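Each chain is listed here by its residues.
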Amino acid sequence: MLRRATRRAATRAAAAALAAWAALAPGVSRADDVRLSQHDVLRTLDVDDAWRLTKGKGVTVAVLDSGVDPAHRDLVGSVVTGKDFTAGANPAGVEPVRLHGTYMASLIAGHGHGPGAGDGIVGVAPQARVLSVRVILEDEEPGFGTFNSDARFENVVARGIRYAVDRGAKVINLSLSKDAPTKAEREAIGYAISKGVVLVAAAGNDGAGKRTAPYSYPASIPGVISVAAVTPALRRASFSNRNSSVLVAAPGVDVLGAGPHDEYWVGRGTSQATALVSGVAALIKSRYPRMSPALVAQALTSSPARRDPYNTGTGFGVVNAYRALEVAATLSRHRAVASGHGVQDPSHAVRSGAGAQGPIVVVRRDRRAVTLYGGLALVALAGAGGGLTVLLVLGRRARARQEDDGDALMPAPRPTGLPT
């Protein structure tokens, strides 16, 4: 059943602030009604058609979040619990809440339960595996304040990204955000992309009442797929950040997901939209495992069924899983780098010896000499121009004198009508 609760939950981290708002509102339902409640979201993403091609088998999605409950009936058997980079923030013996992380993981790789797995939450990539990496705390955890103020936790996201890449993740879900990135985060993202890993992050939830909301990170770092949230009417959700880093959008209002201890929660936020897009990215990487992050991003941006012009609220539009796979099929037939005779493979060192083009000659120009010779050239040009002018003037005078002399030597006209 959907557990009845009287609280509202939100997850925020700031490392200053790794803020990952996921305002969760409680509700009540039977477990077999959960799937029905997911219908609109799944239909918007067109997962039924996409599942005829792949359900995400063979792909590991790292969920960098507050932790995932591996025993939830809709996730059991699909979760590997990785490192906790927040260790030491909570007092000894305090168990992590793991609400936000479980929620996100279920939207990505929930597989349901019961006869035919027809009950509970089903994620966009139900056959994918989840690597849980704890890098944030829920705001109700006792160590939340310590985590947000202690410098030793400043680069936990960067460390979590590298950890996930080194353990085989092909997609990294980052349903979190903060006001500014660190150098370590930029470098970790570069490392992940160099290994062919797709990073998907939340655009942020500070957009209410603003024409242009602040940029949030890591979503705004180049190479990361920034995801906005839309309403069931496919309009930008009022809270969703609006800036030029936004690439695509997905449902982010009234999205049902799993919570720890077999709970179910419904909520809103760019966190939910991000998890859904991570699921679509997992489908693409499952079918085309060698596809580069840039081409995965291109498949996602080319997938929306409604092709409106780009805008900073929803990017290129709401992702469609089936169309994304169709575009990926086309992209998969093309190489990311040139090939053929004379092309240098970027993964290899520059050739030397036989067949090499030889050393590159570096020409160092003396700026003072360039100035001197340039000045002399200008003087010479000016002199040449002056000489040409003089010649033209002298030529005109000579022609004038010749005309005058010709007039003086011309014989007088003879009178007409007189005898000779």
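Higher on the page you've got the structure.
First, a word on scope: everything that follows refers to the structure included in this document. Nothing here was measured: the structure is a model prediction, and the numbers come from that model.

The rules behind the values
- Residues numbered from 1 in each chain as written.
- Predicted model: local features only at pLDDT ≥ 70, side-chain atom pairs only at ≥ 80, totals over all residues.
- Heavy atoms only, no water.
- Helix = DSSP H or I, 4+ residues; strand = E, 2+ residues; numbered from the N terminus.
- Buried < 20%, exposed > 50% of the residue type's maximum accessible area, 1.4 Å probe, protein only.
- Right-handed = clockwise from strand over helix to strand, strands pointing away.
- Pairing = 2+ DSSP bridges.
- Axes fitted to C-alpha atoms, helices over the stretch in contact; angles between N-to-C directions.
- Left-handed = near helix turned anticlockwise from the far one by under 90°.
- Contact = heavy atoms within 4.5 Å.
- Nonpolar A, V, L, I, M, F, W, Y, C, P; charged D, E, K, R; others polar.
- Salt bridge = Lys/Arg side-chain N within 4 Å of Asp/Glu carboxyl O.
- Core = buried A, V, L, I, M, F, W, Y, C linked by side-chain atoms within 4.5 Å.
- Patch = residues over 30% accessible without salt bridge, like charges linked within 9 Å, V, L, I, M, F, W, Y side chains within 5 Å.
- Areas by Shrake-Rupley, 256 points an atom, 1.4 Å probe, with all protein chains shown as cover.
- Expected span 1.5 Å × (residues − 1).

1. Points about the overall build of the chain
Then, number 1: Check the secondary structure of the chain and you find eleven helices and twelve strands.
Then, number 2: Considering the chain as a whole, with its 420 residues, one finds that 46% of them fall into the buried category.

2. What to know about the pairing of strand β8 (residues 198-202)
Then, number 1: When you tally the buried positions in β8, you get five out of five residues, the bulk of the element.
Then, number 2: Alternating positions in β8 separate into two faces, Val198, Val200 and Ala202 on one and Leu199 and Ala201 on the other, with burial throughout.
Then, number 3: The parallel pair strand β7 (residues 171-174) and β8, bridged by helix α7 (residues 183-194), forms a crossover whose chirality is right-handed.
Then, number 4: With three bridges joining them, β8 and strand β9 (residues 225-230) adopt parallel strand pairing. Considered in β9, the bridge of Ala201 is made with Ser226.

3. Digging into the packing of helix α4 (residues 99-109) against helix α8 (residues 270-287)
Then, number 1: Where α4 meets α8, the closest approach of the two axes is 8 Å, and the angle between their N-to-C directions is 40 degrees. Here α4 runs over α8; the crossing is right-handed. Contacts between α4 and α8 involve His100, Tyr103, Met104, Leu107 and Ile108 on the former and, on the latter, Ser271, Gln272, Ala275, Leu276, Ser278 and Gly279.
Then, number 2: For the contact of α4 with α8, the residue count by class is six nonpolar, five polar and no charged.

4. What to know about unusual backbone geometry
Then, number 1: With an omega of 15 degrees, the peptide bond between Tyr217 and Pro218 qualifies as cis.
Then, number 2: Along the chain, the position of Pro218 falls in the loop between β8 and β9.
Then, number 3: If you check the backbone angles, Asp46 has positive phi at about 55 degrees while not being a glycine.
Then, number 4: Positioned with a positive phi, Asp254 is a non-glycine residue whose angle comes to about 55 degrees.
Then, number 5: As for its placement among the helices and strands, Asp254 is situated in the loop between β10 (246-251) and β11 (255-259).

5. Some thoughts on the pattern of salt bridges
Then, number 1: By the definition in use, this model includes eight salt bridges.
Then, number 2: Ionic pairing is found between Arg134 and Asp84, a salt bridge with its closest N-O pair at 3.4 Å. Within this pair, whereas Arg134 is found in strand β6 (residues 129-134), its partner Asp84 is found in strand β3 (residues 79-84), the two being separated by 50 residues in sequence.
Then, number 3: Take Asp84: its relative accessible area is 32%, and that puts it in the partly exposed class.
Then, number 4: The closest approach of N and O atoms between Lys178 and Glu185, which form a salt bridge, is 2.7 Å. The burial state of Lys178 is the same as that of Glu185; both residues are buried.
Then, number 5: By sharing partners, the salt bridges in this structure join Asp84, Arg134 and Glu141 into a single network.

6. Thoughts on the nonpolar core
Then, number 1: One finds Ile225, Val248, Val277, Ile284, Met291 and Leu300 to be the most contacted residues of the largest nonpolar core, which totals 58 residues.
Then, number 2: Here the element with the most residues in this core is α8; it accounts for nine residues.
Then, number 3: Once residues lying within four places of it in the same chain are set aside, the contact partners of Ile284 are Met291, Val296, Ala299, Leu300, Ala324, Leu325 and Ala328.

7. Side note on the sheet that holds β8
Then, number 1: The seven strands lie next to each other as β3-β6-β2-β7-β8-β9-β10, forming an open sheet whose pairing is parallel. Because the sheet does not close on itself, it has two edges, and the strands there are β3 and β10. Across this sheet, the average inter-strand angle for adjacent strands is 25 degrees, counted without regard to direction.
Then, number 2: Bridge analysis of β9 against β10 gives five bridges, and the strand direction is parallel.

8. Remarks on a nonpolar patch on the surface
Then, number 1: Taken together, the side chains of Leu372, Tyr373 and Leu376 define a hydrophobic patch exposed on the protein surface, amounting to about 350 Å² of accessible area.
Then, number 2: Here Leu372 is to be found in helix α11 (residues 367-409).

9. Observations regarding α8
Then, number 1: When the terminal C-alpha atoms of α8 are compared, their 26 Å separation across 18 residues agrees well with the 26 Å that a helix rising 1.5 Å per residue should span.
Then, number 2: The buried fraction of α8 is high, at 17 of 18 residues.

10. Details of α4
Then, number 1: Of all eleven residues making up α4, eleven are buried, and the element is well covered by its neighbours.
Then, number 2: If you check which residues of α4 are buried, you get Leu99, His100, Gly101, Thr102, Tyr103, Met104, Ala105, Ser106, Leu107, Ile108 and Ala109.

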